[in-house]
Amino acid sequence: MLSIQENMTVEFTPALLDRFADVVSRYPEGKQKSALLPILHLVQADFGWLSVDAMDKVALFLQIKPIEVYEVASFYSMYFLQPKGKYVLEICRTGPCCLVGAERMMQHLENRLGVKEGEVTPDGLFSWRGVECLAACGFGPVLQIGPEYTFYENLTADSVDHLIDDLKQKAKNQ
């Protein structure tokens, strides 16, 4: 079961700080801000999402202002600013996919998983959200599933159910 503490205090382990230093070393002296995106990926991989406390500590590490971290983290859809499930189901919600059923697939996900967009299922396995173009306009509706970002086209309610069942089984076997 997922345990969410939205106001939790974040402490970076020495191993994670070593990885941060390695990333920063790839950039010229004084250009440590260039390491922001890969460091945010490392933090998200460790904590599952980017809390304000985590972003503040990244800013402190990189010697930049917290707002600079917030701007980047809130701009890119690959960063999560709230807790998410182990598997994030992302449905393309742009025009071409909506014309062929993306909105029905989003409603189906909400019904099947029992959570609204952005929420996490009680078992901690799933969250879902609509995203902008996934670049498969001729094959909609389309879905990608993180964290591996596998991609599925021509969705139907049955194919979505099959994917969810497979992910539940995968989680059970891990």
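Quick caveat, the model's predicted, so the values are computed rather than measured. (Residues numbered from 1 in each chain as written. Predicted model: local features only at pLDDT ≥ 70, side-chain atom pairs only at ≥ 80, totals over all residues. Heavy atoms only, no water.)

Enquirer: Would you mind showing me how to read the overall build of the protein here?
Expert: When its secondary structure is counted, the protein shows seven helices and four strands. What you see in the protein, going N to C, is helices and strands ordered as α-α-α-α-β-α-α-β-β-β-α. Structurally, the protein occupies a C-alpha span of about 50 × 35 × 25 Å along its principal axes. Every one of the 174 residues in the protein was classed for burial, and the buried ones make up 42%. Carbon and sulfur atoms provide 54% of the accessible area of the protein, an area that totals close to 9800 Å². Put simply, the protein has 16 plus and 23 minus side-chain charges, and the middle of one group is 1 Å from the middle of the other. (Helix = DSSP H or I, 4+ residues; strand = E, 2+ residues; numbered from the N terminus. Buried < 20%, exposed > 50% of the residue type's maximum accessible area, 1.4 Å probe, protein only. Areas by Shrake-Rupley, 256 points an atom, 1.4 Å probe, with all protein chains shown as cover. Lys, Arg positive; Asp, Glu negative; His and termini not counted. Charge placed at Lys NZ, Arg CZ, Asp CG, Glu CD.)

Enquirer: Just checking my understanding: could you explain the packing of helix α6 (residues 102-113) against helix α7 (residues 157-173) for this structure?
Expert: Packed helices, taken two at a time, are described by the angle their axes make and the gap between the axes. As a packed pair, α6 and α7 sit with axes 10 Å apart at the nearest point and diverge in direction by 40 degrees. Taken together, the axis directions place α6 and α7 in an arrangement best described as oblique. Classified by chirality, the crossing of α7 by α6 is right-handed. Between α6, through M105, H108, L109, R112 and L113, and α7, the contact on the second element is made entirely by A157, V160, D161, I164, D165 and K168. Residues belonging to the contact of α6 with α7 are distributed by class as follows: six nonpolar, one polar and four charged. (Axes fitted to C-alpha atoms, helices over the stretch in contact; angles between N-to-C directions. Parallel < 35°, antiparallel > 145°, perpendicular 65-115°, else oblique. Left-handed = near helix turned anticlockwise from the far one by under 90°. Contact = heavy atoms within 4.5 Å. Nonpolar A, V, L, I, M, F, W, Y, C, P; charged D, E, K, R; others polar.)

Enquirer: Just to check I follow, could you spell out helix α2 (residues 36-47) for this structure?
Expert: Residues that lie three or four places apart on an α-helix share one face, since the helix turns once every 3.6 residues. Over its twelve residues, α2 runs 16 Å from end to end, which matches the ideal 16 Å to within 8%, given 1.5 Å per residue. Turning to α2, its buried residues number three or more, namely L36, I39, L40, L42, V43 and Q44. Buried positions along α2 lie against α1 (14-24), α3 (52-62) and α4 (66-75). Phi turns positive, to about 90 degrees, at G48, one or two residues after α2. (Expected span 1.5 Å × (residues − 1).)

Enquirer: Can you help me understand α1 in this one?
Expert: Listed as buried for α1 are L16, F20 and V23. The buried residues of α1 occupy an angular sector of 60 degrees when projected down its axis, which confines them to one face. Turned more than 90 degrees off the buried face of α1, the exposed positions are P14, A15 and D18. Residues of α1 that are buried in the fold lie against α2 and α3. (Arc of directions from axis to C-beta.)

Enquirer: How should the UniProt feature "binding site: [2Fe-2S] cluster" (unreviewed entry) in the protein be read in this particular structure?
Expert: Listed under "binding site: [2Fe-2S] cluster" (unreviewed entry) in the UniProt record, and renumbered for this structure, are C92, C97, C133 and C137. On the basis of their most widely separated C-alpha atoms, the annotated residues across 46 residues gather in one place, lying no more than 9.2 Å apart. Topologically, C97 is positioned in helix α5 (residues 95-99). Apart from the residues lying within four places of it in its own chain, the contact partners of C97 are C92, A102, G140, P141 and V142. Within the fold, C133 resides in the loop between β2 (126-131) and β3 (143-146). Looking at C133, the relative accessible area reads 45%, which means it is partly exposed. In contact with C133, other than residues within four places in its own chain, are C92 and T94. (UniProt positions renumbered as here; feature names shortened; annotations may be inferred.)

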